[in-house]
Amino acid sequence: MKQHFMMFAAYNQWANARIYDAAADLDDEELGRDVGAFFGSMLGTLNHLLAVDRVWMKRFTGEGDAPANTAAILYRGLPGLRLAREAEDQRIVDWMSGMSDKALAGRFSYMTVDMRTVSQRLEPALSHFFNHQTHHRGQAHMCLTVLGRPSVPLDLMLFQRSEEGRAYA
């Protein structure tokens, strides 16, 4: 399973870079325009992804900053948000690379946002973690389309055919 989750950590990093490259062509008004995505705008969607990744990484590792609100706007501008995203993606890759098979097969406990303690197996939680990223990147993709920008191919298979993903194919 480690190779599987390492692939998703690397894919996450690759796909986020592609979304941020495309979003760099948006002006501030377009970034903040409510286009009907779950978190309204491209900026809202990208902030949500970072916020939730930080929440889960805090749960997984016990370290790092985690916002109390998963809809928090952590960064109002794309440059700062992108730097934070890149750092978080590298943190995820580094953490996954240090995981042992035994740790992946284990359990972990955490506190939910409504203050309940949950104990569960790590592997299903990681599946959710990476699936959640894909789900909201799809919404970011929709934001680009609504704003009249070209589609950004994000298929896992494209990643596996790329230089970065070839090791996982």
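Conventions adopted
- Positions within a chain are numbered from 1, following the residues in the order the chain's sequence is written.
- Confidence filtering applies because this is a predicted model: local features only for residues at pLDDT of at least 70, side-chain atom pairs given and counted only at 80 or more, and all residues used for totals across whole chains, interfaces and linings.
- With hydrogens and water stripped out, all remaining heavy atoms of the structure feed into the side-chain values.
- For every element, the axis is a line fit to its C-alpha atoms; helices are fit only across the contacting stretch, and the angle between N-to-C directions ranges from 0 to 180 degrees.
- Runs of H or I in DSSP of at least four residues are treated as helices and runs of E of at least two as strands, each being numbered from the N terminus.
- Angle categories are assigned with fixed cut-offs, so that under 35 degrees is roughly parallel, over 145 is roughly antiparallel, 65 to 115 is roughly perpendicular, and the rest are oblique.
- Helix crossings fall into two classes, left-handed where the near helix is turned counterclockwise from the far one by less than a right angle and right-handed where it is turned clockwise.
- Two residues qualify as a contact provided that any one of their heavy atoms is within 4.5 Å of a heavy atom in the partner residue.
- Throughout this entry, Asp, Glu, Lys and Arg are counted as charged residues, while Ala, Val, Leu, Ile, Met, Phe, Trp, Tyr, Cys and Pro are counted as nonpolar. The remaining residues, Gly among them, count as polar.
- The working definition used for a salt bridge is a side-chain nitrogen of Lys or Arg within 4 Å of a carboxyl oxygen of Asp or Glu.
- Here, the term nonpolar core denotes a set of buried Ala, Val, Leu, Ile, Met, Phe, Trp, Tyr and Cys residues that are joined through side-chain atoms within 4.5 Å.
- For the exposure calls, accessible area comes from a 1.4 Å probe over protein chains only, and a residue counts as buried if that area is under 20% of its type's maximum, exposed if over 50%, partly exposed in between.
- Two aromatic rings, drawn from Phe, Tyr or Trp (for Trp, its six-membered ring), form a pair once their centres lie within 6.5 Å of each other, and the interplanar angle then sorts them: stacked below 30 degrees, edge-to-face above 60, tilted otherwise.
- Geometrically, a lysine NZ or arginine CZ counts as sitting over a ring once it is within 6 Å of the ring centre and also within 35 degrees of the ring normal.
- DSSP-based pairing: two strands are paired if at least 2 bridges between them are found.

Draft legend 1. Up close: the packing of helix H1 (residues 2–23) against helix H6 (residues 122–146). The interhelical angle for the contact between H1 and H6, taken along N-to-C directions, is 15°, at an axis separation of 11 Å. Classed by the angle they form, the pair H1 and H6 counts as roughly parallel. For the pair H1 and H6, the crossing hand works out as left-handed. In this structure, H1 uses Phe5, Phe8, Ala9, Tyr11, Asn12, Ala15, Asn16, Ile19, Ala22 and Ala23 to contact H6, whose residues at the interface are Glu123, Leu126, Ser127, Phe130, Gln133, Thr134, Arg137, Ala140, His141 and Leu144. Of the residues in the contact of H1 with H6, the class split is 12 nonpolar, six polar and two charged.

Draft legend 2. Structural view of the pattern of salt bridges. In total, this model carries 10 salt bridges according to the counting rule given. The network of salt bridges with common partners includes Asp21, Arg82 and Glu86.

Draft legend 3. Structural context of the nonpolar core. The biggest cluster of nonpolar side chains holds 50 residues, and the ones touching the most others in it are Met42, Leu46, Phe60, Met96, Leu126 and Phe130. Within the residue set of this core, elements represented by two or more residues are H1, helix H3 (42–61), helix H4 (78–97), strand E1 (107–111) and H6.

Draft legend 4. Representation of the environment of Ala71 within the structure. With respect to the secondary-structure elements, Ala71 resides in the loop between H3 and H4. Along the sequence, Ala71 and Leu26 sit 45 residues apart, while their C-alpha atoms lie 21 Å from each other.

Draft legend 5. Highlighting the packing of aromatic side chains. Enumeration according to the criterion identifies 14 aromatic pairs in this entry. Summarising the aromatic geometry, the rings of Trp56 and Phe60 are spaced 5.4 Å apart at their centres and angled 35° between planes, so their arrangement reads as tilted. Taken together, the positions of Trp56 and Phe60, both in helix H3 and four residues apart, correspond to about one turn of that helix. Take Trp56 and Phe60: they sit in the same class, and that class is buried. The interplanar angle of 25° and the centroid separation of 5.1 Å between the aromatic rings of Phe108 and Tyr110 together place this pair among those described as stacked. Grouping residues by exposure puts Phe108 and Tyr110 together as buried. Three or more aromatic residues joined by ring pairs make a cluster, and in this case those are Phe5, Phe8, Trp56, Phe60, Trp95, Phe108, Tyr110, Phe129 and Phe130. The ring centre of Trp56 lies 4.5 Å from the NZ or CZ of Arg59, which sits over that ring.

Draft legend 6. Structural view of the pairing of strand E2 (residues 117–121). Bridge count between E1 and E2: five bridges; the pairing is antiparallel. Looking across to E2, one finds that Met111 is bridged to Thr117. In textbook terms, the turn of a hairpin is the stretch between consecutive antiparallel strands, and for E1 and E2 this stretch comprises five residues, one of which, Met115, has a positive phi near 70°.

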